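Report on the structure
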Amino acid sequence: MSVKLEAYIGRKQYLLDMKGRLDDEILPVLNFCKEKLAPRSIGYWIPIRLLMPVVEAAGKVIYHDKTGGDAAIAVLRDLRVPYPEISWRLFRHNLLHNDELPPVISEEGLLIAGWEIRLDGGHRTEATRVCIDASKLYEDLFQYLQQKAGQVPDEKYPFKPTITHDALRSSPLLKQEVEELSRPRTSADHAAPEPTSSH
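What comes next concerns the included structure. Predicted model, so just to flag it, every value in this text is computed and none were measured.

Our focus in this paragraph is the pattern of salt bridges. One pass over the full model with this rule turns up six salt bridges. Where Lys60 meets Glu56, a salt bridge forms, and the shortest distance between an N and an O atom there is 3.8 Å. Highlighted residues: Lys60 and Glu56, both in helix H2 (residues 45-62), separated by four residues, approximately one helical turn. For Arg169, the salt bridge is made with Asp166, and the minimal N-O distance between the two is 2.2 Å. Taken as a pair, Arg169 and Asp166 lie in helix H6 (residues 165-170) at a separation of three residues, close to a single helical turn.

The next subject is the nonpolar core. Membership of the largest hydrophobic core comes to 43 residues, with the highest contact counts inside it found for Leu15, Met18, Trp115 and Leu141. For this core, the elements supplying multiple residues, two or more each, are helix H1 (11-36), H2, helix H3 (68-78), helix H4 (84-95), strand E4 (114-118), strand E6 (129-133) and helix H5 (134-149). Not counting residues within four places of it along the chain, the set of residues in contact with Leu141 comprises Leu22, Leu51, Val54, Val55 and Leu79.

This part takes up the packing of H2 against H3. Following both chains from N to C, one finds H2 and H3 inclined at 105°, their axes separated by 7 Å at the closest point. As judged from the angle between their axes, H2 and H3 are roughly perpendicular. Where H2 abuts H3, its residues Met52, Val55, Glu56, Ala58, Gly59 and Lys60 lie against Gly68, Gly69, Ala71, Ala72, Val75 and Leu76.

All right, on to the pairing of E4 then. Of all five residues in E4, five are buried; the element is thus mostly enclosed. With burial as the criterion, each face of E4 is covered, one bearing Gly114, Glu116 and Arg118 and the other bearing Trp115 and Ile117. Judged from the five bridges that link them, E4 and E6 form a sheet pairing that is parallel. Across the sheet, residue Glu116 finds its bridge partner in E6, namely Cys131.

How each quantity is defined
Residues numbered from 1 in each chain as written. Predicted model: local features only at pLDDT ≥ 70, side-chain atom pairs only at ≥ 80, totals over all residues. Heavy atoms only, no water. Salt bridge = Lys/Arg side-chain N within 4 Å of Asp/Glu carboxyl O. Helix = DSSP H or I, 4+ residues; strand = E, 2+ residues; numbered from the N terminus. Core = buried A, V, L, I, M, F, W, Y, C linked by side-chain atoms within 4.5 Å. Buried < 20%, exposed > 50% of the residue type's maximum accessible area, 1.4 Å probe, protein only. Contact = heavy atoms within 4.5 Å. Axes fitted to C-alpha atoms, helices over the stretch in contact; angles between N-to-C directions. Parallel < 35°, antiparallel > 145°, perpendicular 65-115°, else oblique. Pairing = 2+ DSSP bridges.

These values are about where atoms sit, not about what they do.
Laid out in structure tokens, this is it:
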């Protein structure tokens, strides 16, 4: 089986596309949170779950000599988010894989008590809590993408494959799914496939 693993887009266009999706997809969610959701003591996870992947994607384009996490931290630093590395780790290692944000613990003990996502008031720190204003992060990121789109060289940006050869070799189920999905389709194939047993 031959799987094409490479796709490209211009760096400038990629940043402009991100900016467009911020406006089309994330701004309506921010507005919904502001208008419809009652105030909460710890804020709102929804906006940060939408914004941080854009931060990481932008970082990979702008700081292409850095890894994903380091690139995201560099963008957060550019945007003057307080404690950018802690903020990234709170998202990447806690909120991305969980539905709660437990206290962040270092090997030496309690490092930071929590994270608060607000929709106004600006970024700030209170005692051992980092408070991020999602509206400000959105606005700053929107302007940042516009600015950087005018600065980056308009060379091709390679997308990394979602499904690598190593992944195909290590997972027979994944290989089966890719083979089924990539074969020529007919009208009879449009129905959803039966679930594949993992046993």
